[in-house]
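Residue-level structure breakdown
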Amino acid sequence: LEGMKREITLNPLVVEGEEVVPNQILASVVPVIKKFPCSHTASIDRYINQLSSISHSERYTAVKALSVFSTPTVFNALCEKIAQSNEDIYVRLEAAAGLARHGREEGWAFIKQCIEAPVLENRLEAVIILGEIQSDISCQLLSNVLRDSRQHADIRAGAAWSLGELRNRSALGVLVESFTAIDKNVRIEAARALAKLASVYKPEVLDSFADDVVLDIFAGSNTTGKAAQSCQRRWVAFEIVKSYLVASALRFLDNANEQSLRSLYRQLNEYEKIERPINLSSGLLEGEVDYQKLLSRKINTEEGTQSASEAMATTRLRHP
C-alpha cells in the first residue's frame, strides 16, 4: 500500500495458487535473479594451484574449498599446507579442519598442537575452529580446554562458545560446571552455550539445575513462574506493579472460565491501599485492606465454586 501511495509499481514474481517457501521474494521493483550462472571451471587442481597464490584470501579460500573433497591428492595438499611454518595460522588451521572433518589424524594432531601453543592467538583460533567441526572429538577437546584452569580465561570462554555452536548433548555437564569459574567471561559464555543447547535439549538442561531456584526480578504477569512450576521447579518472582501481580495470581487458575477471571481481576484491583506485597506463599493479601472479606468471595470454575484465597494459594512457593 505504501508503494502504491508513492506510485511505485511492484512486479509480481508468483502467480495465484503457486506454493511459496520461507524467504521467497513475492514481488519486486527491480529484476530478481534466482540463479547465478556457473562456468563449472573450478576443479581440485585449480584449488591446489591456488594454495600457492600470493594472496592470503585466495589461499584461505582454497583450503576451505578443498575440505569438501576426500581424495588422497587433496589430503596430501592439505598436509603440506599444515607443515608450512611460514604460512598464516588461519590458513593452516583451516587446512587442519578440512582433514579433521574427514577423520584424518593429521588434522586433529595439528589442532591439538595449537591448543597448547604459547601464542594465545593460535590457541583461541584453534578452539574457535573446533566449533565448526561437528564431531564428538571436537566436543571432548573443547570440554578439556574449558575444564583446564591453567588455560587463559579468554581461551576457556572461547571453548564454551564453541561448545554452544556444536550443540552436543555431552557438553551439558562441563558447561554447568563452568558456572563456578572465577572469570566472568567464562560464566557468560557457558550460559550462552547452554541457551543454545536448550533449543535442542530443553528437558536435559532444566534437569541440570533441578535443585536450583528460578529467579525473575521483573516478573510482569509471571510467565516465568508459571513455566517453572509446570516443570516442578522452585521459583521466586518480583513485581512492583500491582495489576501485573494480580494477573500473575490468576495465571495459575487453570480451570477458571474467562468471566470468572475477569471478575476476580477487577475485584482484586479495586483495593488501592495495598502497601505490603501480595503474599503468594500463603495466598493472602497483606496490608491495609479488608482481605478477609475479599478472600472469602467466591468465583465459579469448571471444577465448581472456589474462594479467592484458595485460588491464589495455588501460586505458593514450594519445593517440588
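Attention here is on the structure that accompanies the text. (Residues numbered from 1 in each chain as written. Predicted model: local features only at pLDDT ≥ 70, side-chain atom pairs only at ≥ 80, totals over all residues. Heavy atoms only, no water.)

We now examine the overall build of the protein chain. Broken down by element type, the protein chain carries 16 helices and eight strands. Counting every position in the protein chain, which comprises 320 residues, the buried fraction comes to 37%. Here the analysis covers contacts within the protein chain between residues at least 6 apart in sequence; of these, 48% occur between residues at least 24 apart. Only carbon and sulfur atoms are counted for the fraction: they give 52% of the accessible area of the protein chain, which is about 19,500 Å². (Helix = DSSP H or I, 4+ residues; strand = E, 2+ residues; numbered from the N terminus. Buried < 20%, exposed > 50% of the residue type's maximum accessible area, 1.4 Å probe, protein only. Contact = heavy atoms within 4.5 Å. Areas by Shrake-Rupley, 256 points an atom, 1.4 Å probe, with all protein chains shown as cover.)

Okay, unusual backbone geometry next. Across residues other than glycine, the phi torsion is negative in most instances, and most of the peptide bonds are trans. Phi is positive for Asn222, which is not a glycine, with a value near 70 degrees. Structurally, the position occupied by Asn222 is in the loop between strand E3 (213–216) and helix H12 (223–230). Its relative accessible area of 1% is what places Asn222 among the buried residues. Of note, Gln232 is a non-glycine position whose phi angle comes to about 60 degrees, a positive value. Summarising the element assignment, Gln232 is placed in the loop between H12 and strand E4 (234–237). Here Gln232 falls in the exposed class, since its relative accessible area comes to 60%.

In this section: the nonpolar core. Residues Leu93, Ile111, Leu130, Leu146, Leu163 and Leu175 are the most contacted members of the largest nonpolar core, which totals 53 residues. If we ignore the near neighbours within four places in the chain, the residues touching Leu93 are Phe110, Ile111, Cys114, Asn122, Glu125, Ala126 and Ile129. Grouped together as the second largest cluster of nonpolar side chains are six residues, Leu250, Ala256, Leu264 and Leu268 included. (Core = buried A, V, L, I, M, F, W, Y, C linked by side-chain atoms within 4.5 Å.)

Working note: a packed helix pair is described by the angle between its axes plus the distance between those axes. Two elements in contact, helix H3 (residues 56–66) and helix H4 (residues 72–83), have axes whose closest approach is 10 Å; the angle formed by their N-to-C orientations is 140 degrees. Between H3 and H4, the crossing angle belongs to the class labelled oblique. Crossing angle aside, the handedness with which H3 passes H4 is left-handed. Counted together, Arg59, Val63 and Leu66 of H3 and Val74, Leu78 and Lys81 of H4 form the full contact between these two elements. Its residues assigned to classes, the contact of H3 with H4 shows four nonpolar, no polar and two charged. (Axes fitted to C-alpha atoms, helices over the stretch in contact; angles between N-to-C directions. Parallel < 35°, antiparallel > 145°, perpendicular 65-115°, else oblique. Left-handed = near helix turned anticlockwise from the far one by under 90°. Nonpolar A, V, L, I, M, F, W, Y, C, P; charged D, E, K, R; others polar.)

The side chains of a regular strand alternate between both faces of the sheet. Inspection of the sheet shows E3 paired to E4 by four bridges, in the parallel sense. Across the sheet, Asp216 pairs through a bridge with Ala237, a residue of E4. One crossover worth recording links E3 to the parallel E4 by way of H12, and it is right-handed. (Pairing = 2+ DSSP bridges. Right-handed = clockwise from strand over helix to strand, strands pointing away.)

In this model, helix H8 (residues 136–147) (twelve residues) spans 16 Å end to end at C-alpha, consistent with the 16 Å of a helix rising 1.5 Å per residue. Tucked into the core, H8 has its buried residues touching helix H6 (105–115), helix H7 (120–130), helix H9 (153–166), helix H10 (172–177) and helix H11 (184–207). In this structure Ser135 caps H8, since a side-chain oxygen of it lies 3.0 Å from the backbone nitrogen of Ile137. (Expected span 1.5 Å × (residues − 1). Polar contact = N/O pair within 3.5 Å; in protein donor to acceptor, adjacent residues only side chain to side chain.)

What follows is about a nonpolar patch on the surface. On the surface, Ile8, Leu10, Val29 and Val30 cluster together into a nonpolar patch covering about 350 Å² of accessible area. If you trace the backbone, Ile8 turns up in the loop between helix H1 (2–5) and strand E1 (11–12). (Patch = residues over 30% accessible without salt bridge, like charges linked within 9 Å, V, L, I, M, F, W, Y side chains within 5 Å. Salt bridge = Lys/Arg side-chain N within 4 Å of Asp/Glu carboxyl O.)

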